[in-house]
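Observations on the model geometry
Chain residues, written in single-letter form:
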Amino acid sequence: MVRCTYRNGRWGEVCLTSDFHISIHAAATALQYAQEAFEGLKAFRGVDGQVRIFRPEANARRLQDSARAMYMPPLPVEKFMEAITLCVEENSDYIPPYGTGATLYLRPIQIGVSPRVGVTSAEEFDFLCVATPIGPYFPAGFGTTPFIINRWIDRAAPYGTGQYKVGGNYASAFRATEPAHEQGLGVLFLDSTEHKYIDECGGANFFGVKDGVYVTPKSRCILPSITNRSLMTLCADLGIPHEERRIPVEELADMQEAASCGTGAAISPISKIIDPDYSKTYDFGIAPGSVCCKLYHALQDIQYGRAEDKHRWCVIV
Ligand code: PLP
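The rules behind each value
- Each chain carries its own residue numbering, running from 1 in the written order of its sequence.
- Totals for whole chains, interfaces and linings use all residues, but because this is a predicted model, local features are given only for residues with pLDDT of at least 70 and pairs of side-chain atoms are given and counted only at 80 or more.
- Here the side-chain values reflect all heavy atoms present in the structure, with hydrogen atoms and water set aside.
- A 1.4 Å probe rolled over the protein chains alone gives each residue an accessible area, and that area as a share of the maximum for its type sets the label: buried under 20%, exposed over 50%, partly exposed in between.
- Secondary structure elements follow DSSP: runs of H or I no shorter than four residues count as helices, runs of E no shorter than two count as strands, and numbering proceeds from the N terminus.
- Pairing between strands is defined by DSSP: at least two bridges between them are needed.
- Stacked, edge-to-face and tilted are the three classes for Phe, Tyr and Trp ring pairs, Trp counted by its six-membered ring, which pair at centre distances within 6.5 Å; planes under 30 degrees apart are stacked, over 60 edge-to-face, the rest tilted.

Moving on, we get to the pairing of strand 1 (residues 2–7). The alternating pattern of strand 1 places Val-2, Cys-4 and Tyr-6 on a buried face, while none of Arg-3, Thr-5 and Arg-7, on the opposite face, is buried. In this sheet, strand 8 (residues 125–134) lies alongside strand 1 in antiparallel orientation, the contact comprising five bridges. When the sheet's bridge partners are listed, Tyr-6 is paired in strand 8 with Phe-125. Where strand 1 lies against strand 3 (residues 15–16), two bridges are found, and the strand directions are antiparallel. The residue bridging Val-2 from the neighbouring strand is Leu-16, located in strand 3. Where strand 1 and strand 2 (residues 10–11) come together, two bridges link them in antiparallel fashion. Looking across to strand 2, one finds that Tyr-6 is bridged to Trp-11. Here strand 1 hands over to strand 2 after two residues, with Asn-8 in that stretch at a positive phi of 50°.

In the structure shown here, the tally under the stated rule is twelve aromatic pairs. With a centroid separation of 5.0 Å and 70° between ring planes, the pair formed by Phe-38 and Tyr-170 is classed as edge-to-face. With Phe-38 in strand 4 (residues 36–38) and Tyr-170 in helix 4 (residues 167–171), this residue pair connects regions lying 132 residues apart in the sequence. A single burial state applies to Phe-38 and to Tyr-170, both of which are buried. When the ring of Tyr-137 is compared with that of Phe-138, the centres are 5.0 Å apart and the planes differ by 70°; the resulting orientation is edge-to-face. Through pairs of rings, three or more aromatic residues link up here, namely Tyr-137, Phe-138, Phe-142 and Tyr-296.

In structure tokens form, the structure reads like this:
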């Protein structure tokens with residue numbers, strides 16, 4: 001694990017530790033008021049044996065946005081890059097071999113550590129990054145998952161924290177996602193103002209394919225997914241038109257493919273979306289569609305070093 005502390009108004013040196021336990025005061029603002037932000041990214045062992053971290057600078061900038069939203073000082077991008085690179089280098093024995101689909105997952109977090117029982121911000125902060133090998137998302141091959149719409153639990157509010165990666169967004173969504181997961185379903189959240197438009201999938205963005213066009217929601221409540229941005233760039237490369245706009249739920253009926261996208265799976269195609277309030281099911285088929293397959297392979301080819309990284313997304317360690 002790597003650690004960097006913010007004391008007396010400045011960030012210190014990046015340090016390495018093999019102890020995953022941290023000691024903080026029980027009244028630390030991270031514990032009392034969820035003054036916290038986090039990130040998630042992966043390092044891939046490529047076909048050529050080289051290790052590639054996918055777009056870490058984008059995660060660095062997103063963590064800065066989340067930190068500012070939580071009234072925390074942003075960690076400089078260079079410090080983030082130094083910490084992430086060191087974390088991957090020092091954990092190189094745990095980067096799974098090429099061909100297994102397994103990767104090294106990196107989980108940077110930033111927390112407020114000053115004790116405060118009065119409702120105020122911390123003055124001292126910690127940045128930490130742990131690493132762990134994780135297995136392939138699709139052990140049985142690229143496949144589809146069913147989803148269910150939840151109109152009764154909002155993930156975030158339009159002028160709240162939906163577009164930031166902060167812990168509270170996830171803990172408060174568990175009451176929707178955990179019961180759904182027990183039934184083998186993913187959750188599709190709608191806009192929290194009208195519950196008419198698609199927002200996102202809780203831990204991933206949503207996209208659909210309508211008459212050959214990649215369509216993804218535009219909303220103040222969704223996390224700007226680095227995977228989704230990358231897929232839109234790949235769409236442009238592959239001549240697939242793409243649109244970012246509000247998507248009314250009923251438009252699902254006109255889509256031939258639907259999927260969630262994020263670091264975890266890259267793309268996770270959706271077999272069907274159940275809308276229990278209207279006793280409706282939108283079907284996309286049990287096999288992943290052709291646009292999902294094309295984009296999935298194009299993205300993974302870059303991440304595993306099988307294709308030219310013409311957008312310079314990967315940082316080789
Ligand atoms: N949306 C949410 C709420 C997420 O937690 C994530 C995962 O980080 C994503 C979308 C996908 O973002 P990314 O592609 O950067 O992993």
